[in-house]
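Descriptive analysis of the structure
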Amino acid sequence: MTTDAPRLRPPHHRVDRRAIRWWTTRSLAVTVVLTAVPLVPAIIWEPPRTWFLLATAVVGGVGLLITVLMPQWRYRVHRWEVTDTAVYTSSGWIWQEWRVAPMSRIQTVDTARGPLQRVFGLSSVTVTTASAAGPIEITGLDHVRATEVAEQLTETTQATPGDAT
């Protein structure tokens, strides 16, 4: 185990490529729901129908544009890495963030799989630290890989001296 202090640097590993389909599906579902909001009144009320149809077109168009562009962009940005000394992440698409969590600051490691993640065989790993910035989340990992990462982090943090505060 190296004793060098962790430094801010780009992480090496990409998330699983299936994360693109997961993000696309989530965005498409939100777009459909938000597009239906002005569409329903457009169907019901005659006088303001034109305005509701215009709102439907704008919301649907913007939503589809985001659905096409966002997942690809997130895939390019989202990275992660676990070393003997720290967890590194890069995430976001409009607001991007790089985070480093030294092993000695890690308090808990959790995995999660929502229903849509299960469909795509993906999981998320959440690393809770003693940071005011909140937990670090690695989303879009293959489920088996996420389990391995969680086990590795648990073993490494147990072997790392420090009080995680």
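Scroll up to find the structure this text is about.
Every value quoted in this text rests on a predicted model; they were computed, and no experiment measured them. (Residues numbered from 1 in each chain as written. Predicted model: local features only at pLDDT ≥ 70, side-chain atom pairs only at ≥ 80, totals over all residues. Heavy atoms only, no water.)

**Focus: the sheet that holds strand 4 (residues 97-102)**
So the rule is basically this: Strands pair, by our definition, only if DSSP identifies at least two bridges between them. In DSSP terms, a helix is any run of H or I states spanning at least four residues, a strand is any run of E spanning at least two, and both are numbered starting from the N terminus. In what follows, a contact means two residues having at least one pair of non-hydrogen atoms within 4.5 Å. The axes used here are C-alpha line fits, helices contributing only the stretch in contact, and every angle between their N-to-C directions lies in the interval 0 to 180 degrees.
An order of 1-2-3-4 is seen for the four strands of this open sheet, with the pairing classed as antiparallel. The sheet is open, and its two borders are formed by strand 1 (13-14) and strand 4, each paired with just one other strand. For strand 2 (residues 79-82) and strand 3 (residues 86-91), the ladder comprises four bridges, and the chain directions are antiparallel. Note on strand 3: the bridge partner recorded for W80 is T89. Those strands touched by helix 2 (residues 49-77) are strand 1, strand 2 and strand 3, and its axis lies near 30° from that of strand 2. Against the sheet, helix 4 (residues 143-159) makes contact with strand 2 and strand 3, and its axis sits at roughly 40° relative to strand 2, the strand it touches most.

**Considerations on the packing of helix 1 (residues 18-44) against helix 2**
Threshold: The labels follow the angle: roughly parallel below 35 degrees, roughly antiparallel above 145, roughly perpendicular from 65 to 115, and oblique for the rest. In this count, Pro and Cys sit with the nonpolar residues alongside Ala, Val, Leu, Ile, Met, Phe, Trp and Tyr, while Asp, Glu, Lys and Arg are called charged and the others, Gly among them, polar.
Their axes nearest at 8 Å, the elements helix 1 and helix 2 cross at an angle of 175°. Comparing the axis directions of helix 1 and helix 2 gives the class roughly antiparallel. Split by residue class, the contact of helix 1 with helix 2 holds 19 nonpolar, nine polar and three charged.

**Examining the packing of aromatic side chains**
So the rule is basically this: Pairing of aromatic rings covers Phe, Tyr and Trp, the last through its six-membered ring, and needs centres within 6.5 Å; plane angles under 30 degrees mean stacked, over 60 mean edge-to-face, and all others mean tilted. Each residue is placed in one exposure class: buried if its accessible area under a 1.4 Å probe, protein chains only, is under 20% of its type's maximum, exposed if it is over 50%, and partly exposed if it falls in between. Placement of a positive charge over a ring is assigned whenever Lys NZ or Arg CZ falls within 6 Å of the ring centre and within 35 degrees of the normal to the ring plane.
Applying the stated rule across the entire model yields two aromatic pairs. Ring centres of W45 and F52 lie 6.1 Å apart, and the angle between their planes is 35°; this geometry places the pair in the tilted category. On the basis of relative accessible area, F52 is assigned to the partly exposed category, the value being 23%. Seen from the ring of W22, R26 lies directly overhead, with NZ or CZ sitting 4.7 Å from the centre.

**Focus: the layout of surface pockets**
Selection rule: The definitions used throughout rest on a 1 Å grid laid over the protein atoms alone, on which a cavity is an enclosed set of points accommodating a 1.4 Å probe that cannot get out and a pocket is an open set flanked by protein within 12 Å on both sides along at least five of seven lines; lining residues are those having an atom within 4 Å of a point. Grid points are joined across faces, edges and corners, and a volume is the space filled by probe spheres set on the points.
By volume, the largest pocket amounts to about 190 Å³. What lines the largest pocket is a set of 16 residues, and nearest its centre among them are R74, H78, S91, G92 and E137. When residues of the lining of the largest pocket are traced back to their parent elements, those giving at least two are helix 1, strand 3, strand 4 and strand 7 (136-142). Taken together, the residues of the lining of the largest pocket sort by class into five nonpolar, six polar and five charged.

**Concerning the side chain of S124**
For clarity, the threshold we go by: Two N or O atoms count as a polar contact when they lie within 3.5 Å, although within protein this holds only if one can serve as hydrogen donor and the other as acceptor, and sequence-adjacent residues are included solely when both atoms are side-chain atoms.
Inspection of the secondary structure assignment puts S124 in strand 6 (residues 122-129). Among the polar contacts made by the side chain of S124, one reaches the side chain of Q117 at a distance of 2.8 Å. The residues touching S124, leaving out its near neighbours within four places in the chain, are D110, T111, A112, Q117, E137, I138, T139 and G140.

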